[in-house]
Amino acid sequence: METNNVNGQDQVQDTTKSPSGASIFWREITRDKMALISLIFLVLITAFVYGISLFLNKEEIVRVDLFSIHQAPSEEFWLGTDYGGRDVFGQLIIGTRNSLSIGILVTLMTGIIGIVYGLVSGYFGGQVDNMMMRILDFFLILPFLMVVIAFVAIVPTYSVWTFSLIMTAFLWMGIARLIRSKVLQEKELDYAQASKTLGSSNFKIMFLQVLPNVTSLIVVTMTLNLAANIGLESGLSFLGFGFPESTPSLGTLLSYATNPQTLEYRWWIWVPAAVLILLLMLAVRNVGEALKRAADARQRRG
Amino acid sequence: MKKISFSKALFALMLILLLALAACSGGSDDEGSDDSGSDDTGTEEGTDEGSDEGAEDEGGDEEPAEEDDGLYSVEDFAPSKTNEGEAIEGGTLNFGLVSSSAFEGTLNWNFYAGAPDAEILAWFDESLLGNDEKYRYNNDGAATYEISDDNRTYTFTIKDNVNWHDGEPVTAEDWAYSYEVIGHPEYTGVRYGSDFTNIEGMEAYHNGEADSISGIEIVDEKTLKITFIKATPSLLTGSIWPYAMPKHVFQDIPVAEMQESAAVRENPIGMGPFKVETITPGESVTYVKNEDYWQGEPKLDGVTLKVINPNTVVQALETGEVDMVDSFPTDQYPDNAEMSNVEFLGMTDLYYAYIGFKLGSWDAEAGEVATDDSMKMSDVNLRRAMWYAVDNNAVAENFYNGLRWAADTLIAPSHPEFRDESIEAPTYDPEEAKKILDEAGYEDTDGDGMRENPEGEELVINYAAMEGGDVAEPLANYYMQAWEAVGLNVQLLDGRLQEFNAFYDRVGRTGEDDPAVDIYQGAWGVGFDVDPRGLYGRDAMFNFSRYSSEENDQLLEDGVSEEAFDVEYRQQVYSDWQQLMVDEVPVFPTLYSAVLAPVNNRVQNYSIAVDWNAPHEISVTAEEPVVAE
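Keep in mind the model is a prediction, meaning the values are calculated, not measured.

Bringing the overall build of chain B into the picture now. Secondary structure assignment for chain B yields 18 helices and 22 strands. Residues counted as buried form 49% of the 629 residues belonging to chain B. Taking the intrachain contacts of chain B between residues at least 6 apart in sequence as the baseline, contacts between residues at least 24 apart amount to 71%.

Another aspect to go through is the overall build of chain A. When helices and strands are tallied, chain A shows 15 helices and zero strands. Considering only C-alpha atoms, chain A reaches an extent of 75 × 50 × 30 Å along its principal axes. Partitioning the contacts of chain A with sequence separation of at least 6, the portion at a separation of at least 24 is 66%.

All names here are of chain B. When helix α17 (residues 550–559) is considered as a whole, its buried residues turn out to be Asn552, Leu555, Leu556 and Gly559. Buried residues in α17, looked at end-on, bunch into an arc of 95°, giving them a common side. On its buried face, α17 sits against α16 (533–536) and α18 (567–584).

Moving on, we get to helix α2 (residues 115–124) of chain B. Three- or four-residue spacings in an α-helix give side chains the same orientation, since the helix completes a turn every 3.6 residues. Along α2 of chain B, eight of the ten residues are buried, which leaves the element largely enclosed by surrounding structure. Every buried residue of α2 of chain B is accounted for by Ala115, Pro116, Asp117, Glu119, Ile120, Leu121, Trp123 and Phe124 of chain B.

Let us look at the sheet that holds strand β7 (residues 216–220) of chain B. Residues and elements named next belong to chain B. If you trace the four strands from one edge of the open sheet to the other, you get β5-β6-β8-β7, paired in antiparallel fashion. Either end of the sheet is taken by a strand with one partner, and the two such strands are β5 (143–147) and β7. Going from strand to strand, the sheet's axes swing by 20° on average, the running direction of each strand aside. Along the sheet, helix α3 (residues 172–183) makes contact with β6 (153–158), β7 and β8 (223–227), crossing β7 at roughly 170°.

Residues and elements named next belong to chain B. For chain B, mean pLDDT is 85; residues scoring 70 or higher make up 89% of the total. Segment residues 17–42 is flagged for pLDDT under 50; beyond a separation of four residues in sequence, or across chains, it makes 71 contacts in the model. Counting interchain partners and residues more than four positions distant, the pLDDT-below-50 stretch residues 47–67 has 66 contacts. Scored as a whole, the predicted complex attains pTM 0.78, and scored at its interfaces, ipTM 0.72.

Take the domain arrangement of chain B next. Taken domain by domain, chain B consists of domain 1 (79–107 + 117–122 + 272–341 + 601–629), domain 2 (127–263) and domain 3 (351–593). Computed from C-alpha coordinates alone, the two centres of domain 1 of chain B and domain 3 of chain B are separated by 38 Å.

Each regular strand shows side chains that alternate between the opposite faces of the sheet. Residues and elements named next belong to chain B. By the bridge criterion, six bridges tie strand β9 (residues 274–280) to strand β10 (residues 284–289) in an arrangement that is antiparallel. If you follow isoleucine 279 over to β10, its bridge partner there is valine 285. Count of turn residues in the β9/β10 antiparallel hairpin: three residues, of which glycine 282 carries a positive phi of about 80°.

This part takes up the pairing of β8 of chain B. Residues and elements named next belong to chain B. Side chains Leu224 and Ile226 of β8 all project onto a buried face; the interleaved residues Thr223, Lys225 and Thr227 project onto a face where none is buried. Pairing geometry for β6 and β8, over five bridges, is antiparallel. Bridging from a neighbouring strand, threonine 157 pairs with threonine 223 of β8. Counting the residues that bridge the hairpin from β7 to β8 gives two residues.

Below, the discussion takes up the packing of helix α10 (residues 190–197) of chain A against helix α11 (residues 202–213) of chain A. Residues and elements named next belong to chain A. Following both chains from N to C, one finds α10 and α11 inclined at 150°, their axes separated by 11 Å at the closest point. The orientation of α10 with respect to α11, classified from their angle, is roughly antiparallel. In the crossing of α10 with α11, the sense of the turn from one axis to the other is right-handed. Residues Tyr191, Ala192, Ser195 and Lys196 of α10 touch α11, and the partners they reach there are Ile205, Gln209 and Val210. Grouping the amino acids of the contact of α10 with α11 by side-chain chemistry returns four nonpolar, two polar and one charged.

Residues and elements named next belong to chain B. By the secondary structure assignment, glycine 511 is in the loop between α15 (500–507) and β19 (519–525). C-alpha separation for the pair glycine 511 and glycine 367, spaced 144 residues apart in sequence, amounts to 9.2 Å. If sequence neighbours within four positions are ignored, glycine 511 has contacts with Trp362, Ala364 and Met541.

A few words on the packing of helix α9 (residues 173–186) of chain A against helix α12 (residues 215–239) of chain A. All names here are of chain A. As a packed pair, α9 and α12 sit with axes 11 Å apart at the nearest point and diverge in direction by 165°. By the angle class used here, α9 and α12 are roughly antiparallel. Once α9 is placed against α12, the crossing between them reads as right-handed. Together, Ile175, Leu178 and Lys182 of α9 and Leu217, Thr221 and Asn225 of α12 make up the contact between the two elements. Broken down by class, the residue content of the contact of α9 with α12 amounts to three nonpolar, two polar and one charged.

Tracing the backbone through its elements, the reader meets alanine 290 of chain A in helix α15 (residues 267–295). If we ignore the near neighbours within four places in the chain, the residues touching alanine 290 of chain A are Glu28, Ile29, Asp32 and Ala35 of chain A.

As a further point, take unusual backbone geometry. All names here are of chain B. Positive phi, normally seen in glycine, also occurs at asparagine 151, with a value near 65°. If you trace the backbone, asparagine 151 turns up in the loop between β5 and β6. Positive phi, normally seen in glycine, also occurs at asparagine 401, with a value near 50°. Its location among the elements puts asparagine 401 in the loop between α12 (392–400) and β16 (404–406).

For soluble globular proteins, nonpolar side chains are generally found buried alongside one another. Formed by 163 residues in total, the largest nonpolar core has its most connected members in Val325, Tyr352, Ala385, Ala389, Trp483 and Ala597 of chain B. Discounting chain neighbours no more than four positions away, the residues touching alanine 389 of chain B are Pro430, Ala433, Ala482, Trp483, Ala485 and Val486 of chain B. In terms of nonpolar packing, the next biggest core, distinct from the first, is built from 41 residues, Ile61, Leu79, Ile93 and Ile277 of chain A among them.

A word on the environment of leucine 475 of chain B. Residues and elements named next belong to chain B. With respect to the helices and strands, leucine 475 occurs in helix α14 (residues 472–485). Counting along the chain gives 17 residues from leucine 475 to leucine 492, while the straight-line C-alpha distance between them is 12 Å. The contact partners of leucine 475, leaving out residues within four places of it in the chain, are Val395 and Phe399.

Turning our attention to the confidence of the model for chain A. Residues and elements named next belong to chain A. Overall, the prediction assigns chain A a mean pLDDT of 85, with 93% of residues at 70 or greater. Looking at the elements of chain A, mean pLDDT is at its lowest for helix α1 (residues 8–13), recorded as 47, and at its highest for helix α6 (residues 126–141), recorded as 93. Taken together, the stretch residues 1–12 has pLDDT below 50 and engages in seven contacts with residues farther than four places along the chain or on a different chain.

Thresholds applied
Residues numbered from 1 in each chain as written. Chains lettered and ligands numbered in written order. Predicted model: local features only at pLDDT ≥ 70, side-chain atom pairs only at ≥ 80, totals over all residues. Helix = DSSP H or I, 4+ residues; strand = E, 2+ residues; numbered from the N terminus. Buried ≥ 20, exposed ≤ 12 C-beta atoms within 10 Å, placed from the backbone. Contact = placed C-beta atoms within 7 Å. Arc of directions from axis to C-beta. Pairing = 2+ DSSP bridges. Axes fitted to C-alpha atoms, helices over the stretch in contact; angles between N-to-C directions. pLDDT = per-residue confidence, 0-100. Domains from an automatic or database assignment. Parallel < 35°, antiparallel > 145°, perpendicular 65-115°, else oblique. Left-handed = near helix turned anticlockwise from the far one by under 90°. Nonpolar A, V, L, I, M, F, W, Y, C, P; charged D, E, K, R; others polar. Core = buried A, V, L, I, M, F, W, Y, C linked by C-beta atoms within 7 Å.

This is how it looks when you write it as structure tokens:
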């Protein structure tokens, strides 16, 4: 599937084996400075927030302190305090971790459900496909935001897990459709037909033969979904349907800016979170774009 | 590289979007309750109505020296505007109605339900009875009254020069008519209640058994006589309906259709200092002066009233878009105390916030509270210890900059006549709290740092608090921390704050108390009438704590008995009652509150005092509002 580089040296060294996916990706990313910086940034920030938060005392950070309300950034509070006297820097670290966790969890879970659903639907086709797609259509027409808000209101305990599950329940359809359409093409190809003729089980063809051939599509879609999912959590929290303030997230920090006084006079509470959301989403997107190019020979730069 | 510049453009775009997103308000409007005017039962309030937030900009640059502790006090504010300069002839006043939603536009005292509509009404229609600073009706209004010896019959005389905006005189028949409409079986509004059933013959009329109300007699064109079943001092503090209704306008409209009629919605008339000129539904109302006003011709040419979003109040005041607003969000005060073009008026609000303990449930069949001695919070020592454990002074100073202050009794400082300052209520003393708990047998027996109940069982107290208002969340957390500090394990109900309506439903507004709630944090907007039966009586649905005792019943009954016409006796009764509440702690008050009203410097003769009734005297010193420097 990959075109070999016409560079003379490459031809001499290795004319039969096509370069691996990882090396194509690596080459693609080094050619795009923006993507490279984004990747480094992502790795650093992820390592940082997950690392640091091991040493932070969450109880201490969300503890209301009446005597240090609305402190401006200082040596004691690097990013000042909010209206409950809580350290914004600590909340930012834990908030970023929570938001990232949700983004990753939702992406993984929607990915798994979507892939399996799409594979089964596309591979079997016919009536099975028809029925499964109608069920999917049903989920698609649900007013996503309303239903999520209703669910958020009725779950008894609200944690990163329940939140992720609720989101997953309404976000797996896109990837399922994508995989299905790809599998519909893929199963008509000779290798799949041959395998079938040789008596391979459906399971084996689906998961061991067709699936690896749609991997690049999956990786790209999931990376781009990740960016969207981080934003989704922030958006819901901003609207007031996200986490309680005792579970900081980027969205709750941002939602403090709904107060005109905070927006105007106390930038340190919401600007860092806003900038971080922006950078995270941009960085994930940049990496995703590089991946996309790596997966599609026509768009490749190198 | 083209790609990079695209990313940069995207970055800039998203930054703008984010800022715009942050600027769009999610403005917390928790004015969920209807203000039912003279209703003496009080109104449910968000714990944080007006979204008050303690906010002191430490990094602020221009703090005046005398306020360097960042604290304010209601004492710093006068209720009346100081006058500077010469008034001009005429002029138009711009009044801002602070609300995050459109007003309903039910513009008749007999039918309105929302507080915004009441603000609009007040400009063009008024009570026939004036009241003094103790909220008692006096003879300074458009009508005077005399009371019979047995205190049951009131004879009202409407002054001769009181006319409707269309020139027709306001008659005794008009006043009686508003009673007939409210008592009518087909009446669609919310006014009909105990104030009206206390009139002789009202229930028979309401049930359709009589064509007229036997207790209401039209003596002559301007004289009305009303006889009540039970004489109580509450009659004079709002239990008499003081609004007339122009019968010549409404008589051809069926009662069931009145609320939706043009006479209420489109071209309402009243007897107040200004006439309604135009109404833009939900947005604004313009008034012109009523030259025939009974107190004299107004000095202003007119008034323009418009709805202002709470998030843009400051800007609207600074630019002079409005001269004044009905209520200013006090959390925005510290950052704007220096606004140069307005004077802030202030006074004590008819309000207290409190923590309530569930002591029973509502018995719907008997229509009264069923106090249960075996509830989790039934031990008075536990309740008192929880009062000692919280530092309301610190809460008031740090969250509210002193614009709220620590409360001690259940009669707010808005009623100084009946409030007993000498009562000693618990104040912050965690050691005392621990001592009380130790002595009452609440000890940590399993070594987890949290106290168990005297039977040695784990004690987890479920705490219901409502969302809305900016400090709701940290405030609830603070209280839980304070209780944890004395060893009590208090958990937020469902782990989160409750939405306003859900909160009051679960606490028991409909009588179906959620047994999961052990304690709750609520607030009351109290009525003019000091009588607390509507909130703490045995038969009061709003008695959310479901507390009852013989002594409480007796004191509350004494407070509205005939002897209570003697003010000293009534003071003693309510003093005893306040003491009883401090001893029994069915609820404990946490904060009292101030109300603030900024007024443009060009406005004269304006006041927010309760006994102020001279809207015709308002004048301005310039054609245009003063703009902030």
